[in-house]
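For reference, the chains in residue letters:
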Amino acid sequence: MTPEEVREWIKFFIIIIGGAIALRTYVVSQRQRRLDNSMKLVDIFFSHLEENDLSEWKRIFMSSSEPSGAKKGYFFSKNNQEIPFSSLFSEGPDDNGAIERIVHQIDLVSYEALRGTADVRFIYSQIGQLINTTHRWFGGENSLISEHFPHFNKLVAKYKKKSSNWPSKVYSYCE
């Protein structure tokens, strides 16, 4: 090999190494950007809820559980009447609109997560119980969620298997 060939090979390897470093830096910065966006989305999620929305969600969660005696698709109202979940999206709902606000916010967060601008695992770590439980209440094909909140429905459908193994903050236990 001539000195010029050696020099050309060295240039080639330096270019390859530089390209690999640049690509790695880009991938890491995109991951950090998705994490930052996720934290902002979770903050926005909670800032758009009213003061008692989470406590109303917890009350409905508890009153719809098997130990409470509620049938599937129903919960017990404040007056101890068995009411279908669909009534929470009607006028004058039992929860003062808390579940509807939560579902709207989840749909907005889901839109960003589906676009790839947010880290889905981080979002599930913060609001996974809210997502999964609320989807179970209203979800499925031809349901209220799939019809009016398509991003929410797509997110759950896309990550249903994976998210079951992800850690998630617990807002309420069923007693």
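Residues numbered from 1 in each chain as written. Predicted model: local features only at pLDDT ≥ 70, side-chain atom pairs only at ≥ 80, totals over all residues. Heavy atoms only, no water.

A. Region of interest: the layout of surface pockets. The computed volume of the largest pocket comes to approximately 290 Å³. Forming the boundary of the largest pocket are 14 residues, of which Ser-64, Lys-72, Phe-85, Arg-136 and Trp-137 lie nearest the centre. It is helix H4 (residues 120-138) that provides the largest number of residues to the lining of the largest pocket, a total of three residues. Broken down by class, the residue content of the lining of the largest pocket amounts to six nonpolar, four polar and four charged. Volume-wise, the second largest pocket comes out at about 250 Å³. Lining the second largest pocket we find Arg-31, Arg-34, Ala-113, Leu-114, Gly-116, Ala-118, Asp-119, Val-120, Arg-121, Lys-158, Tyr-159 and Trp-166. Those elements giving two or more residues to the lining of the second largest pocket turn out to be helix H1 (3-47), helix H3 (98-115), H4 and helix H6 (150-163). (1 Å grid on protein atoms, 1.4 Å probe; cavity = no way out; pocket = protein on both sides within 12 Å on 5 of 7 lines; lining within 4 Å. Points joined across faces, edges and corners; volume = space filled by probe spheres on them. Helix = DSSP H or I, 4+ residues; strand = E, 2+ residues; numbered from the N terminus. Nonpolar A, V, L, I, M, F, W, Y, C, P; charged D, E, K, R; others polar.)

B. The arrangement of the confidence of the model for the chain in detail. Residues with a pLDDT of 70 or more make up 98% of the chain, whose mean pLDDT is 89. Within the chain, no element has a lower average pLDDT than helix H5 (residues 144-148), which sits at 84, and none a higher one than H3, at 94. (pLDDT = per-residue confidence, 0-100.)

C. Representation of the pattern of salt bridges in the model. Per the stated rule, a full pass over the model turns up seven salt bridges. With a closest N to O distance of 3.7 Å, Lys-11 and Glu-8 form a salt bridge. Of this pair, Lys-11 and Glu-8 are both found in helix H1, three residues apart, which corresponds to roughly one turn of the helix. The structure contains a network of salt bridges with shared partners spanning Glu-50, Asp-53 and Arg-101. (Salt bridge = Lys/Arg side-chain N within 4 Å of Asp/Glu carboxyl O.)

D. View of the packing of aromatic side chains. Inspection of every chain in the model, using the stated rule, returns 15 aromatic pairs. Consider the rings of Trp-57 and Phe-61, whose centres lie 5.2 Å apart with planes at 10°: the pair is stacked. A residue pair is termed a helical-turn pair when its members lie 3 or 4 positions apart in one helix, as Trp-57 and Phe-61 do in helix H2 (residues 53-63) at four residues. Both residues of the pair, Trp-57 and Phe-61, count as buried. For the pair Phe-85 and Trp-137, a centre-to-centre distance of 4.9 Å together with 15° between the ring planes defines the contact as stacked. With Phe-85 in the loop between strand E2 (82-84) and H3 and Trp-137 in helix H4, the pair connects residues that are 52 residues apart, well separated along the chain. (Phe/Tyr/Trp six-rings, centres within 6.5 Å; stacked < 30°, edge-to-face > 60°. Buried < 20%, exposed > 50% of the residue type's maximum accessible area, 1.4 Å probe, protein only.)

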